[in-house]
Amino acid sequence: MLLVGNGCVITRDPQLPYLPDGALAIEGSTILEVAPLAELKEKYKEAEFVDAKGGVIMPGLINAHTHIYSGLARGLSIDGNQPENFLDILEGTWWNIDRHLDLEGTRASAWATVLECIRCGVTTIFDHHASFREIPGSLFTIRDVVKEAGIRSCLCYEVSERDGEEKTMQAIRENAEFARWARDAQDDMIKAMFGGHALFTISDKTFEKMAEANNGMTGFHIHVAEGMNDVYDSLRNYGCRPVNRLLYNGILGEKTMLGHCIHVSPAEMDIIKETNTMVVNNPESNMGNAVGCAPVLQMMKKGITVGMGTDAYTHDMLESMKVFLLIQRHHMAQPNVAWTEDVKMQFENNRVIAEKYFERTLGILKAGAAADVIVMDYRPFTPFSDENIDGHILYGMVGRNCRTTIINGKVLYKDREFVEIDEERTHAQIMEQSRKLWGELNHRSYV
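Described in the following lines is the structure provided in the data block.

Calculation notes
- Residues numbered from 1 in each chain as written.
- Predicted model: local features only at pLDDT ≥ 70, side-chain atom pairs only at ≥ 80, totals over all residues.
- Heavy atoms only, no water.
- Helix = DSSP H or I, 4+ residues; strand = E, 2+ residues; numbered from the N terminus.
- Rg over C-alpha atoms; globule rule 2.2 N^0.38 Å.
- Buried < 20%, exposed > 50% of the residue type's maximum accessible area, 1.4 Å probe, protein only.
- Contact = heavy atoms within 4.5 Å.
- Pairing = 2+ DSSP bridges.
- Axes fitted to C-alpha atoms, helices over the stretch in contact; angles between N-to-C directions.
- Polar contact = N/O pair within 3.5 Å; in protein donor to acceptor, adjacent residues only side chain to side chain.
- Phe/Tyr/Trp six-rings, centres within 6.5 Å; stacked < 30°, edge-to-face > 60°.
- Lys NZ or Arg CZ within 6 Å of the ring centre and 35° of its normal.
- Core = buried A, V, L, I, M, F, W, Y, C linked by side-chain atoms within 4.5 Å.
- Salt bridge = Lys/Arg side-chain N within 4 Å of Asp/Glu carboxyl O.
- Expected span 1.5 Å × (residues − 1).

1. Digging into the overall build of the protein chain
Move 1: Helices and strands together make up the secondary structure of the protein chain, namely 15 helices and 18 strands.
Move 2: Its C-alpha radius of gyration of 21 Å places the protein chain within 12% of the 22 Å reference for a compact globule of 447 residues.
Move 3: Its C-alpha atoms give the protein chain principal-axis dimensions of roughly 65 × 50 × 40 Å.
Move 4: The proportion of buried residues among the 447 residues of the protein chain is 62%.
Move 5: Looking at the protein chain alone, contacts between residues at least 24 apart form 74% of all its contacts between residues at least 6 apart.

Okay, structure coming up:
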């Protein structure tokens, strides 16, 4: 048994939102009780004590959309790559990288991603992978990494026709085989979705094959209207807008998640809502790619479940919350909007999304919930209470404040040190694959 205490507790449970000197009792993978520290110390005298050291104890964070395949890209400059638009970015950077990723590169990318996530207090990820150099076995390679690391993960592969029919079919098979494994394994730490890239890289024929291969096993995780390319392609070649195409091809539904949705019309929002389809916004990536500001406020006003992801631009969900607030206010030219939606996306909607896949109560600290808990080393110079928690998160906390990460009742990261992972050895393996990848991309050696 674990007892996590000596700090204030933010539960995200409306029945008991805040305890100034609280604690959690954890039995196995489940939170047993949330109460004042003195009470739980007296009740569970034999429990192993995890000292928050005056910090903030809160639920682990959920990232609803990331890309493991970009794990080795930090600091990378590809010779001759000078993108002038979104398609240039895809072709010159991301498709270029994934065309050079073999299984060992995928493994290294997965380790780089999960280590950073755990450091930043992220306990659940929804990944959307691509490694077109070596597709078969890629999701199973990532599965082995996330299983060893201990992070809760929902995985899929990015189907795309951009590299020809053979690669398209390999991607469909990888999704289907992994979805079957996840269904049969019933491992509540690892789940599957069926991935697809932007609609302008997928024909209706391929959508038909995807739906047939999936056969209702899981929902789809697909990029939609991130750039105007999707809109132009759908109108020009199919006579309708992107969301209509998804509807006609049987892709939408309560377990399907649409990434980005920047250039969707009000009518498309209505379709998303009526089909109970989910959306995930990635504010920093959208700004970095200069593709626009997603109409999140309008979508949420219509009752669409919009969650928050990072698109792997960062692994710091609190950083993304800050940027979301800024881009929405800048876009609307109103300094008093988006606060409520921002908090709801991260701490309510991401939980709703995750619980459609994982058979546990996530993103909340209460009896019976999964023991995904983080401790933030945060000591403000201003009053901190249940009245201003969100203000401190939006204007103070960052992911690197995380000092301890517990996932599924297991302490993975304690006082800024990994507990069972050999960080130095893993770092060296990641660096070896990074140098190999960068060398292939730029035709020179990196030492």
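2. Digging into the sheet that holds strand E8 (residues 152-155)
Move 1: Judged by pairing direction, the sheet is parallel, and its four strands sit side by side in the order E6-E7-E8-E9 without closing on themselves. Looking along the sheet, the strands with just one partner apiece sit at the ends: strand E6 (61-66) and strand E9 (190-192). Mean inter-strand twist for the sheet, computed between neighbouring axes without regard to direction, equals 15°.
Move 2: Running at roughly 65° to E6, helix H13 (residues 339-355) makes contact with E6 and strand E7 (122-127) of the sheet.

3. Structural notes on the side chain of Asn-96
Move 1: Mapping Asn-96 onto the fold places it in helix H2 (residues 86-98).
Move 2: Not counting residues up to four positions away in its chain, the partners in contact with Asn-96 are Ile-78, Leu-90, Glu-91 and Leu-441.

4. Observations regarding the environment of Pro-335
Move 1: Relative to the helices and strands, Pro-335 is located in the loop between helix H12 (317-332) and H13.
Move 2: Sequence separation between Pro-335 and Leu-325 is 10 residues, and the spatial gap between their C-alpha atoms is 9.3 Å.

5. Topic: the sheet that holds strand E11 (residues 220-224)
Move 1: Pairing is parallel in the open sheet, where five strands are placed in the order E10-E11-E12-E13-E14. Each having just a single partner strand, strand E10 (194-196) and strand E14 (306-308) make up the two edges of the open sheet. Averaged over all pairs of adjacent strands, the angle between strand axes in this sheet comes to 25°, irrespective of strand direction.
Move 2: Bridging between strand E13 (residues 278-281) and E14 involves three bridges; their strand directions are parallel. Residue pairing for E14: Val-279 is matched across the bridge by Val-306.

6. Looking at the environment of Arg-416
Move 1: Relative to the elements of secondary structure, Arg-416 occurs in the loop between strand E17 (410-414) and strand E18 (417-418).
Move 2: Separated by 61 residues in the primary sequence, Arg-416 and Glu-355 have C-alpha atoms spaced 28 Å apart.
Move 3: Within the structure, Arg-416 has its side chain in polar contact with the backbone oxygen of Cys-402 (distance 3.2 Å).

7. With respect to the packing of aromatic side chains
Move 1: In this structure the tally under the stated criterion is 12 aromatic pairs.
Move 2: One cation-aromatic arrangement involves Arg-12 over Phe-347; the distance from NZ or CZ to the ring centre is 3.9 Å.
Move 3: The positively charged end of Lys-41 is found above the aromatic ring belonging to Phe-49, 4.8 Å away from the centroid.

8. Here's the deal with the nonpolar core
Move 1: Core analysis: the biggest nonpolar cluster contains 108 residues, and Val-56, Met-58, Val-224, Leu-246, Leu-258, Met-299 and Met-397 have the highest contact counts within it.
Move 2: With eight residues, helix H3 (residues 103-119) is the single largest residue contributor to this core.
Move 3: Setting aside residues up to four positions removed in sequence, Met-299 forms contacts with Cys-261, Val-264, Met-269, Val-279, Ile-304 and Val-306.
Move 4: Within the second largest apolar cluster, 19 residues are counted, among which are Leu-2, Val-34, Ile-57 and Ile-364.

9. As for the pattern of salt bridges
Move 1: In this structure the tally under the stated criterion is 31 salt bridges.
Move 2: The shortest N-O distance in the salt bridge between Glu-116 and Arg-400 comes to 2.9 Å. Here the residue Glu-116 occupies a position in helix H3, and Arg-400 occupies one in the loop between helix H14 (389-395) and strand E16 (402-407), the gap between them amounting to 284 residues.
Move 3: On the basis of relative accessibility, which here comes to 12%, the residue Glu-116 falls in the buried class.
Move 4: For Arg-400, a relative accessible area of 45% puts it in the partly exposed group.

10. Digging into helix H15 (residues 423-442)
Move 1: Here H15 spans 28 Å end to end across 20 residues, near enough to the 28 Å set by a 1.5 Å rise per residue.
Move 2: Along H15, the residues classified as buried are Thr-426, Ile-430, Gln-433, Ser-434, Leu-437, Trp-438, Gly-439, Leu-441 and Asn-442.
Move 3: Next to the buried residues of H15 lie H2 and H3.
Move 4: In the stretch just after H15, His-443 is the one whose phi turns positive, near 55°.

11. Re helix H7 (residues 228-238)
Move 1: Taken together, the buried positions of H7 are Asp-230, Val-231, Asp-233 and Ser-234.
Move 2: Buried residues belonging to H7 abut E11 and helix H8 (242-248).

12. Observations concerning the environment of Thr-361
Move 1: Within the secondary structure, Thr-361 sits in the loop between H13 and strand E15 (373-376).
Move 2: Taking the relative accessible area as the measure of exposure, Thr-361 reaches 27% and is therefore partly exposed.
Move 3: With residues near it in sequence (within four places) discarded, Thr-361 still touches Glu-355, Lys-366, Ala-369 and Ala-370.

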